[in-house]
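The primary structure of each chain is shown beneath.
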Amino acid sequence: MVETLSIAVIGAPGVGKTSIIRQFIYNDFSEAYTPTRSRYVYRPSVILNGNMYELKVLDVPPISSFPASASQEWLDLRCRGVRNANAYILVYDICCVESFEYVKMIRQQIVENRTQAEMAHTCRGTINLATAHIDTEDACNIVLSSGGRTYHLKASTEVERQRWVTALELAKAKAIRMMNDQSDDSGDEEPTSQTDRSEIQGTLKVLVSKLDDLSTCNDLIAKHGAALQRSLSELEGLKVPLDGGEKIKAVNERATLFRITSNAMINACRDFLDLAETHSRRLQRALQYEREQRTHLEETIEQLAKQHNSLERAWREAPTHASSTPSAPTTSQRSERVNKEDASDEDEDTEYFDAMDDSTEFITVTASESTQHKRSQSNLSGASGGQASDSNQEDHMSPICNDVSAKEPVRCRQSRTQIPDKPNYSLNLWSIMKNCIGKELSKIPMPVNFNEPLSMLQRLTEDLEYHELLDKAARCESSLEQMCLVAAFSVSSYSTTVHRTAKPFNPLLGETYELDRLEEFGYRSLCEQVSHHPPAAAHHVISRRGWTLRQEITIASKFRGKYLSIMPLGVIHLHFHSSGNHYVWRKVTSTVHNIIVGRLWIDQSGDIEIINHTTKETCQLKFIPYSYFSRDVPRKVTGVVADSRGQAHYILSGTWDEKMESAKIIQSSEGASGSEGKQKTVYQTLPPKLLWKKYPLPENAENMYYFSSLALMLNEPEDGVALTDSRLRPDQRLMEDGRWDEANVEKQRLEEKQRAVRRRREAEATGALHEECDYDSGRDYEGYQPLWFHQRRESITGETNFVYKGGYWESKEREDWSMCPEIF
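Within every chain, residues take consecutive numbers counted from 1 along the sequence as written. Residue-level local features of this predicted model are given only where pLDDT is at least 70; pairs of side-chain atoms are given and counted only at 80 or more, and the full residue set underlies all totals for whole chains, interfaces and linings. Computation of side-chain values covers all heavy atoms of the structure but excludes hydrogens and water.

**Student:** Any chance you could explain the overall build of the protein here in plain terms?
**Tutor:** Across its full length, the protein holds 16 helices and 29 strands. Between buried and exposed lies partly exposed: a residue is buried under 20% and exposed over 50% of the maximum accessible area for its type, with that area taken using a 1.4 Å probe on protein chains only. Here the protein holds 824 residues, and the buried ones make up 42% of them. Residues count as neighbours in contact if any of their non-hydrogen atoms are within 4.5 Å of one another. Considering only intrachain contacts with a sequence separation of at least 6, the fraction spanning at least 24 residues in the protein is 61%. Of the roughly 45,400 Å² of accessible surface on the protein, 52% is carried by carbon and sulfur atoms. The way it works is that DSSP assigns letters per residue, a run of H or I at least four long becomes a helix, a run of E at least two long becomes a strand, and they are numbered from the N terminus. We get accessible surface area from the Shrake-Rupley algorithm with a probe of 1.4 Å; when it comes to residues, only the shown protein chains can shield them.

**Student:** Before we go on, may I ask you to explain helix α3 (residues 97-113) in this structure?
**Tutor:** Since the α-helix turns once every 3.6 residues, residues separated by three or four places project in the same direction. Between its terminal C-alpha atoms α3 stretches 25 Å, which fits the 24 Å expected from 17 residues at 1.5 Å a residue. For α3, the set of buried residues is Ser99, Tyr102, Val103, Ile106, Gln109 and Ile110. The buried residues of α3 occupy an angular sector of 120° when projected down its axis, which confines them to one face. Relative to its buried face, α3 has exposed residues pointing more than 90 degrees away, namely Val97 and Arg107. Take the number of residues in a helix, subtract one, and multiply by 1.5 Å to get its expected span. The directions considered for the arc run from the helix axis to the C-beta atoms.

**Student:** Please clarify how the sheet that holds strand β6 (residues 133-136) should be interpreted in this entry.
**Tutor:** Within a sheet, each strand pairs with its neighbour through backbone hydrogen bonds, oriented either parallel or antiparallel. Judged by pairing direction, the sheet is antiparallel, and its three strands sit side by side in the order β6-β7-β8 without closing on themselves. Looking at which strands have only one partner, the edges of the open sheet turn out to be β6 and β8 (149-154). Strand-to-strand twist of the sheet, defined as the mean angle between neighbouring strand axes without regard to direction, takes the value 20°. Bridge count between β6 and strand β7 (residues 141-146): four bridges; the pairing is antiparallel. Counterpart to threonine 136 in the pairing with β7 is isoleucine 142. Paired strands, in this sense, are two strands between which DSSP finds at least two bridges. Note on definitions: angles span 0 to 180 degrees between N-to-C directions of axes, and those axes are lines fitted to C-alpha atoms, for helices only across the stretch in contact.

**Student:** Looking at this model, I keep getting lost on the side chain of threonine 655. Mind explaining?
**Tutor:** Mapped onto the secondary structure, threonine 655 falls in strand β24 (residues 648-655). Accessibility expressed as a relative area gives 6% for threonine 655, which makes it buried. Of the polar contacts made by the side chain of threonine 655, one reaches the side chain of aspartate 657; its length is 3.1 Å. Counting of polar contacts relies on pairs of N or O atoms within 3.5 Å, with two restrictions inside protein: one atom must be capable of donating a hydrogen and the other of accepting it, and residues adjacent in sequence are counted only when both atoms are side-chain atoms.

**Student:** What is the right way to look at the confidence of the model for the protein in this model?
**Tutor:** As a general rule, the predicted coordinates of low-pLDDT regions are not to be interpreted in detail. For every residue, the pLDDT score states the predictor's confidence, bounded by 0 at the bottom and 100 at the top. Chain-level pLDDT for the protein is 77 on average; 73% of the residues reach the 70-or-more range. Low confidence marks residues 182-193, where pLDDT is under 50. Its contacts with residues over four positions away, or in another chain, come to 26 contacts.

**Student:** Before we go on, may I ask you to explain a nonpolar patch on the surface in this structure?
**Tutor:** On the surface, Tyr92, Ile94 and Phe100 cluster together into a nonpolar patch covering about 330 Å² of accessible area. With respect to the element layout, isoleucine 94 can be found in the loop between β5 (87-91) and α3. A relative accessible area of 76% places isoleucine 94 in the exposed class. Without a salt bridge and with relative accessible area above 30%, a residue can belong to a patch; like charges are then joined within 9 Å and nonpolar side chains (Val, Leu, Ile, Met, Phe, Trp, Tyr) within 5 Å. Criterion for a salt bridge: a side-chain nitrogen of Lys or Arg within 4 Å of a carboxyl oxygen of Asp or Glu.

**Student:** Which parts of the structure should I look at to understand the packing of aromatic side chains?
**Tutor:** For any pair of aromatic rings, geometry is given as the distance between the ring centres together with the angle between the planes. Two aromatic rings from Phe, Tyr or Trp, using only the six-membered ring of Trp, form a pair when their centres are within 6.5 Å; if the ring planes differ by under 30 degrees the pair is stacked, by over 60 it is edge-to-face, and anything between is tilted. Across all of its chains, the model carries 16 aromatic pairs by this definition. Aromatic side chains tyrosine 466 and tyrosine 695 sit 4.5 Å apart centroid to centroid with 40° between the ring planes, which places their arrangement in the tilted category. Of this pair, tyrosine 466 sits in the loop between α10 (456-461) and α11 (468-474) while tyrosine 695 sits in the loop between β27 (689-693) and α13 (709-714); the two residues are 229 residues apart in sequence, bridging distant segments of the chain. With a relative accessible area of 5%, tyrosine 695 lands in the buried category.

**Student:** I would appreciate a short explanation of the nonpolar core in the present structure.
**Tutor:** Residues belong to one nonpolar core when they are buried, are Ala, Val, Leu, Ile, Met, Phe, Trp, Tyr or Cys, and are joined through side-chain atoms within 4.5 Å. In this structure, Trp547, Leu574, Trp585, Ile610, Leu621, Phe623 and Leu652 are the most contacted members of the largest nonpolar core, which totals 72 residues. In terms of residue count, the dominant contributor to this core is helix α12 (residues 479-492) (nine residues). Residues in contact with tryptophan 585, not counting those within four places in the same chain, are Val486, Phe489, Ser490, Gly570, Val571, Ile572, Leu574, Ile608, Glu609 and Ile610. In terms of nonpolar packing, the next biggest core, distinct from the first, is built from 23 residues, Val57, Phe66, Tyr102 and Ile110 among them.

**Student:** For this particular structure, what's the right way to read the pattern of salt bridges?
**Tutor:** Opposite charge on two side chains permits them to pair, given that their charged atoms come into close proximity. Counting across every chain of the model gives 30 salt bridges. Note that lysine 172 is salt-bridged to glutamate 292, the shortest N-O span being 3.3 Å. Of this pair, lysine 172 sits in helix α5 (residues 158-180) while glutamate 292 is found in helix α7 (residues 242-317), placing the two residues 120 residues apart along the sequence. Exposure remark for lysine 172: the relative accessible area of 4% places this residue in the buried category. When its relative accessible area of 27% is taken as the criterion, glutamate 292 is described as partly exposed. Where glutamate 736 meets arginine 416, a salt bridge forms, and the shortest distance between an N and an O atom there is 3.0 Å. With glutamate 736 in helix α14 (residues 730-736) and arginine 416 in the loop between β10 (378-380) and α9 (429-433), the pair connects residues that are 320 residues apart, well separated along the chain. Residue glutamate 736 is classed as buried on the basis of its relative accessible area of 3%.

**Student:** What's the story with the pairing of strand β15 (residues 536-543) in this structure? I'm lost.
**Tutor:** Across a regular strand the side chains alternate sides, sitting on one face of the sheet and then on the other. Counting buried positions along β15 yields seven of eight residues, so the element is predominantly enclosed. Note that strand β14 (residues 523-531) and β15 share eight bridges and pair antiparallel. Among the inter-strand pairings, tyrosine 523 is bridged to a residue of β15, identified as serine 543. Bridge analysis of β15 against strand β16 (residues 547-559) gives eight bridges, and the strand direction is antiparallel. Opposite alanine 538, over in β16, you have glutamate 552 as the bridge partner.

**Student:** What's the story with unusual backbone geometry in this structure? I'm lost.
**Tutor:** For residues that are not glycine, phi is negative in most cases, and the peptide bond is trans in most cases. Backbone geometry places lysine 616, a non-glycine residue, at a positive phi of 65°. Note that lysine 616 resides in the loop between β21 (601-612) and β22 (617-623). The residue arginine 635 is not glycine, and still its phi comes out positive at about 60°. Here arginine 635 shows up in the loop between β22 and β23 (636-642).

**Student:** How should the pairing of strand β13 (residues 512-517) be read in this particular structure?
**Tutor:** With six of six residues buried, β13 lies mostly within the body of the structure. A two-sided burial pattern is seen for β13, the buried positions comprising Thr512, Glu514 and Asp516 on one face and Tyr513, Leu515 and Arg517 on the other. Bridging between β13 and β14 involves six bridges; their strand directions are antiparallel. From the neighbouring strand, threonine 512 faces β14, where its bridge partner is glutamate 528.

**Student:** Would you mind showing me how to read the environment of glycine 783 here?
**Tutor:** As for its position among the elements, glycine 783 is in the loop between α15 (740-774) and β28 (789-793). It is 7.4 Å that separates the C-alpha atoms of glycine 783 and arginine 761, two residues lying 22 residues apart in sequence.

**Student:** Mind showing me how you'd approach the environment of glutamine 647 here?
**Tutor:** Relative to the elements of secondary structure, glutamine 647 occurs in the loop between β23 and β24. Within polar-contact distance, the side chain of glutamine 647 engages the side chain of arginine 645 at 3.3 Å.

**Student:** Help me understand helix α1 (residues 17-26), please; the structure alone is not making it clear to me.
**Tutor:** Among all positions in α1, only Lys17, Ser19 and Ile21 are buried. After α1 finishes, the residue asparagine 27 shows a positive phi value of roughly 55°.

The structure is reproduced here in structure tokens:
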């Protein structure tokens with residue numbers, strides 16, 4: 001997680017605060033003086049000791065004084081955020097004494113009004129544990145309060161609550177020790193004990209009164225000493241014998257020494273009082289801390305005693321055969337969670353989990369065998385709580401749709417099963433990424449070190465990895481069962497991304513990719529890059545087994561410093577020939593985490609709404625984002641299939657990297673309200689049935705970019721493909737062969753060639769525009785037009801998309817590619 005630090009830059013007028021800030025952030029120093037009249041915020045990111053920080057730099061106009069309180073800061077708009085800053089930069093002019101005196105004054109006021117402990121806890125929404133009060137409401141709730149801020153935490157069990165309380169107490173003790181180590185004597189907490197407060201205040205009052213007496217004596221001494229010196233000076237001016245004058249000078253010197261001594265005494269007393277105040281506060285804090293620790297220790301011992309008694313009583317009352325049964329599912333679930341949570345880099349001996357409410361808006365109850373027809377008693381479970389059963393499929397899935405298998409189908413064509421291992425090249429990632437923050441990733445030249453040897457067109461074709469789901473859906477007689485298989489197909493397209501954190505090659509404009517599997521699997525697939533900025537690809541698949549799929553995808557990506565967001569924009573259309581059912585859905589957002597520091601891992605999050613525009617049936621899929629504090633299975637997906645009236649018929653559950661299941665709903669009822677006040681629906685379902693399961697990865701996949709069996713064959717050379725096919729792209733082929741340096745050179749050549757073509761095309765468009773302005777009828781400039789796709793308005797969604805216009809497979813049969821541009 002990237003830490004945010006706030007830095008306030010303060011100085012007198014005209015010292016160059018803004019110029020210094022801009023030189024640091026933009027490397028641009030301006031000598032022109034423009035007064036800073038209002039607060040301005042800069043937000044750069046920096047790397048320090050291998051860690052990334054997001055800075056909030058406040059350019060503050062000159063202020064008369066440092067705000068002594070939050071209310072004073074709020075009233076002065078120029079000071080907002082100054083008191084909460086983590087650090088201060090004081091700027092002065094070495095040629096101007098007044099500017100130096102100004103920052104000295106500001107620094108003294110900062111020291112008087114801020115403490116190091118306060119500056120360590122200025123993030124919004126945090127509580128200073130050193131001054132916080134930790135309390136328990138009941139068996140599962142914790143109250144954490146400090147000042148006017150109160151947090152209510154909920155644990156799932158009493159034991160887990162006690163673990164949280166212990167961890168918080170340890171953190172509080174550490175925070176107090178850090179405060180005690182500092183020698184700062186600014187504002188500390190008042191003691192809560194009335195006796196201690198009275199005793200300390202009485203001592204301080206006595207010391208102050210004594211110091212007042214000494215000050216009064218000093219004033220009298222100074223007054224009388226000055227009068228004595230005046231008298232002696234007058235006597236010295238008189239004509240007296242020589243010995244008398246020397247005695248008068250001696251008396252004068254003694255009077256001066258007496259005054260100096262009295263002043264030193266007063267200063268020593270003042271230092272003593274300051275020291276006494278400092279030590280009294282420190283002792284007061286230590287005493288209060290020990291008193292609180294004793295109280296909490298007594299409460300903890302009492303709670304442990306109660307828990308011990310309750311556990312002994314439960315152990316005596318529980319049957320012997322059930323004593324070990326409840327712990328087994330928990331252990332299994334925890335081990336499964338540890339095995340699957342390879343995306344997290346945390347390495348803690350003890351895990352703490354927030355008690356989170358159910359992320360879904362429904363609860364499923366699996367009906368037992370004896371109640372499937374009576375619909376009476378049931379067992380509570382999660383949406384995917386039961387094991388997928390392959391028996392009794394006819395209970396909720398028609399026989400023609402129940403031949404779901406997790407075994408990979410046998411391929412007729414002999415395709416390769418491996419590629420050269422990925423070489424181990426070192427690269428300074430930050431030296432390239434630091435200039436990419438906030439920019440569109442497709443517009444940034446990247447070396448092949450960040451890529452995998454596949455293009456984006458081939459990654460789109462990977463959506464067909466589980467095309468047999470659509471073959472089965474085409475044979476379904478029920479549109480609701482068909483919807484379940486379509487939903488499983490939409491989820492299966494993400495299964496290959498769980499380890500695939502590398503970036504595919506950006507296709508060149510006009511680049512194509514075909515996958516002709518008509519003989520083996522009955523389908524033909526064609527992709528074409530139809531636009532370069534923004535990058536857009538059109539995809540068309542037709543199957544002899546009764547379905548057609550098409551999509552136009554535009555990839556929008558943003559690099560945010562700590563993660564990379566990939567937002568696919570576009571609509572996917574699926575049409576079944578026999579039934580006429582037309583399904584439409586969109587993809588979810590993919591996020592690559594730990595771009596700079598840590599292990600890369602990818603997550604999918606968002607919602608997918610699949611609509612059958614023929615029957616108006618819908619499926620709502622929810623991709624639950626990963627959370628370290630969640631007890632849910634990582635990469636979880638849930639969904640509900642409903643008819644045109646909104647009545648739910650199937651519950652879908654699973655994970656986008658492993659499998660999906662469906663459960664037929666036999667009864668629904670309203671349940672209890674959730675954390676947000678929404679009433680959850682309880683569905684009673686039949687046992688879940690397996691819809692889809694991921695194929696195992698090939699052997700040695702970790703050294704082959706984690707490619708699946710289909711991905712390994714996508715870039716395999718084939719005869720008869722178009723001259724623009726991705727298989728013929730030279731930089732991609734060089735990278736696959738392990739010649740990365742040559743691939744980088746070739747990649748730069750191809751990109752420069754594409755830029756030259758684009759400049760020529762823009763010059764032609766400009767020339768056509770000028771001719772149109774100079775003459776009544778200028779020549780029309782059509783611009784770039786894709787070769788195999790053209791734009792058509794979609795009647796269902798009303799959007800204009802690129803659709804296949806035909807001619808590609810006919811050209812392949814004729815072996816005529818004369819119309820293809822030379823892009824490589």
